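Coordinate analysis (summary)
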Amino acid sequence: MFDVTALRRDNPIAAVMEKAGVELRPAGGRLIARCPLHADSEPSLVVYPQTESYFCYGCGAGGDVIDFICRIRRVGFKEAAAILGGSPAPAGNPPASCSREQEVAALTSEEMEAVEVTVRCCEAALWRSPAALDYLASRGIDHATAGRCRLGFGTTRLPDELRKAGVTSAVAQELGLLRAGRNAFAGRLIISNLIGGSANWITGRLLSGCSPRYLNLRLPSPLLGLEQVRGREVVLTEGPFDWLTLIQWGYPAAALVGTHASKDAMKALSRFERVYLALDNDDAGRRATEKLRHALGARSVTVRLPDFAKDVNALATRREGEAVFRRCISTASEEGTRWAGPVSWAA
């Protein structure tokens, strides 16, 4: 098995693309170019150096450096890993880049590969699914955020892709990726937790219905997105779509993926000087907020959402939603130090 985290770290995507003849040029905090994967008459390819990922708005291709090599060289995962100079990682050892705050979700190399193959497969499927893209639009999440956060859509092709990558069905079923030999996340929107650009946990959201609405890997839930937060302040939300909304608006954010904060989560939050609590605007959210305020003490600040917004994501589809949230943050800041404003989402 290959250490995909090391492959990403040792092969910056921009450098690999340029070596392949892609002429990148800066555009703000991103890089753009004509996509080499199709007949591109204008720069449709966007590279996100912060997350070591790319997305083409012309053909819908997107993913990490391994995905790019798979496409440009027309090879499978193992061949792409070999091209990038990867060597098999010792079985049973978690990737070295996993931070201390994410130890609860540490995976073996084969488990990490299984999750990574799943995310890469589902990333490609997202852009082929009008239903999934329409659902994202209905939640106010744009294509750039979807590409940057490596969102995906559960596809029936997953079992074959796992087999091609050498992932055993036993490992895939133990993680909860497969059920009766089929993709357990089929038909769900896939949201990943990233560590050094690689996925170590996913949750899948049904596009309609509620049985169950979310399905997680059979692993402890992390503080979604925490590893990407830089600086001494963080906005804490409940749900994945609240987190995606704040990422889209440029805030350093993380999600509880529920209302419960484990001991590991509280330990991870201890590095922040200020924790803005933007949980759901309901009884459960208010109870969780009070528990967190008690546990975090003076470092916590409650962000009170307007009555018409049940959660942060409810603001995403309103034309003035971002401005409303900015005012909520500003009001909350009066209880503590002044909010420094949205920042870039770091990798």
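Residues numbered from 1 in each chain as written. Predicted model: local features only at pLDDT ≥ 70, side-chain atom pairs only at ≥ 80, totals over all residues. Heavy atoms only, no water.

Quick look at the overall build of the protein chain now. When helices and strands are tallied, the protein chain shows 13 helices and 15 strands. Contacts spanning at least 24 positions in sequence make up 63% of the contacts within the protein chain whose residues lie at least 6 apart. About 15100 Å² of surface is accessible on the protein chain, with carbon and sulfur atoms providing 49% of the total. (Helix = DSSP H or I, 4+ residues; strand = E, 2+ residues; numbered from the N terminus. Contact = heavy atoms within 4.5 Å. Areas by Shrake-Rupley, 256 points an atom, 1.4 Å probe, with all protein chains shown as cover.)

With that settled, consider helix α3 (residues 65–73). The α-helix advances 3.6 residues per turn, and as a result positions three or four apart in sequence lie on the same side. Among the residues of α3, those classed as buried are V65, I66, D67, F68, I69 and C70. With a side-chain oxygen positioned 3.2 Å from the backbone nitrogen of I66, the residue opening α3 is D64. Immediately downstream of α3, the backbone of R74 shows phi near 55°, a positive value. (Buried < 20%, exposed > 50% of the residue type's maximum accessible area, 1.4 Å probe, protein only. Polar contact = N/O pair within 3.5 Å; in protein donor to acceptor, adjacent residues only side chain to side chain.)

Right, let's talk about the sheet that holds strand β15 (residues 300–302) for a bit. Ordered in space as β13-β12-β14-β15, the four strands form an open sheet in which the pairing is parallel. The open sheet has two edge strands with one neighbour each: β13 (253–255) and β15. On average, adjacent strands in this sheet sit at an angle of 25° to one another, irrespective of strand direction. Strand direction decides the pairing type here: strand β14 (residues 274–277) and β15, joined by three bridges, are parallel. Bridge pairing in β15 links V275 to S300. On the sheet, helix α10 (residues 240–249) packs against β12 (233–237) and β13 and is oriented at approximately 170° with respect to β13. (Pairing = 2+ DSSP bridges. Axes fitted to C-alpha atoms, helices over the stretch in contact; angles between N-to-C directions.)

We now examine the pairing of strand β2 (residues 30–33). Pairing of strand β1 (residues 25–27) with β2 involves three bridges; the strand directions are antiparallel. Considered in β2, the bridge of R25 is made with I32. Linking β1 to β2, which pair antiparallel, is a turn of two residues; within it G28 sits at a positive phi near 70°. Note: β2 against strand β3 (residues 45–48), three bridges, orientation antiparallel. Looking across to β3, one finds that A33 is bridged to L45.

Let's shift gears to the pairing of β14. On β14, burial covers both faces: R274 and Y276 on one face and V275 and L277 on the other are all buried. As for the winding sense of the linkage, the β-α-β connection from β14 through helix α12 (residues 283–296) to β15 is right-handed. (Right-handed = clockwise from strand over helix to strand, strands pointing away.)

The next subject is the side chain of R150. By the element assignment, R150 lies in the loop between α7 (143–148) and β6 (152–153). Polar side-chain contacts of R150 include one of 2.9 Å to the side chain of E116. Not counting chain neighbours up to four residues away, the residues in contact with R150 comprise R8, D64, E116, V119, R120, E123, I190, S192, L194, G197, S198 and A199.

Counting residues in each nonpolar core, the largest one holds 93 residues, and the members touching the most others are M17, I66, L126, L151, L217, W243 and F325. A total of eight residues in this core trace back to one element, the largest contributor, which is helix α5 (residues 109–126). Non-local contacts of I66, meaning those with residues more than four positions away in its chain, are made with V4, L7, F77, A80, L84 and R120. (Core = buried A, V, L, I, M, F, W, Y, C linked by side-chain atoms within 4.5 Å.)

Below, the discussion takes up the confidence of the model for the protein chain. The predicted model of the protein chain has a mean per-residue pLDDT of 86, with 89% of residues at 70 or higher. Across residues 89–105, confidence stays below pLDDT 50; counting only partners more than four residues off in sequence or on other chains, it has 36 contacts. Here residues 343–347 is modelled with pLDDT under 50, and outside its nearest four sequence neighbours on either side it reaches 20 contacts, counting other chains as well. (pLDDT = per-residue confidence, 0-100.)

This part is about the sheet that holds strand β11 (residues 214–216). In spatial order, the strands read β6-β9-β10-β11; together these four strands make up an open sheet with antiparallel pairing. Strands with a single pairing partner mark the edges of an open sheet, and in this sheet they are β6 and β11. With two bridges connecting them, β6 and strand β9 (residues 188–195) associate as antiparallel partners. Counterpart to G152 in the pairing with β9 is I190. Relative to strand β10 (residues 198–206), α5 is tilted by about 50°, and along the sheet it contacts β6, β9 and β10. In the packing of helix α6 (residues 130–138) onto the sheet, contacts are made with β6, β9 and β10, and the angle to β9 comes to roughly 70°.

Here the largest pocket is characterised by a volume of approximately 410 Å³. If you go around the largest pocket, you meet 17 residues; those closest to its centre are D67, C70, R120, R157 and E161. Secondary-structure elements contributing two or more residues to the lining of the largest pocket are α3, α4 (77–83), α5 and α8 (158–164). Among the elements that make up the lining of the largest pocket, the one with the highest residue count is α5 (four residues). Classifying every residue of the lining of the largest pocket by side-chain character gives seven nonpolar, one polar and nine charged. Of the voids in this model, the second largest pocket is the one considered here, and its volume is about 310 Å³. If you trace the second largest pocket, you find 18 residues lining it, with R139, R213, Y214, G239 and D311 closest to the centre. For the lining of the second largest pocket, the secondary-structure elements that each account for two or more residues are β10, β11 and α10. Here the element with the most residues in the lining of the second largest pocket is α10; it accounts for three residues. Along the lines of polarity and charge, the residues of the lining of the second largest pocket split into five nonpolar, five polar and eight charged. (1 Å grid on protein atoms, 1.4 Å probe; cavity = no way out; pocket = protein on both sides within 12 Å on 5 of 7 lines; lining within 4 Å. Points joined across faces, edges and corners; volume = space filled by probe spheres on them. Nonpolar A, V, L, I, M, F, W, Y, C, P; charged D, E, K, R; others polar.)

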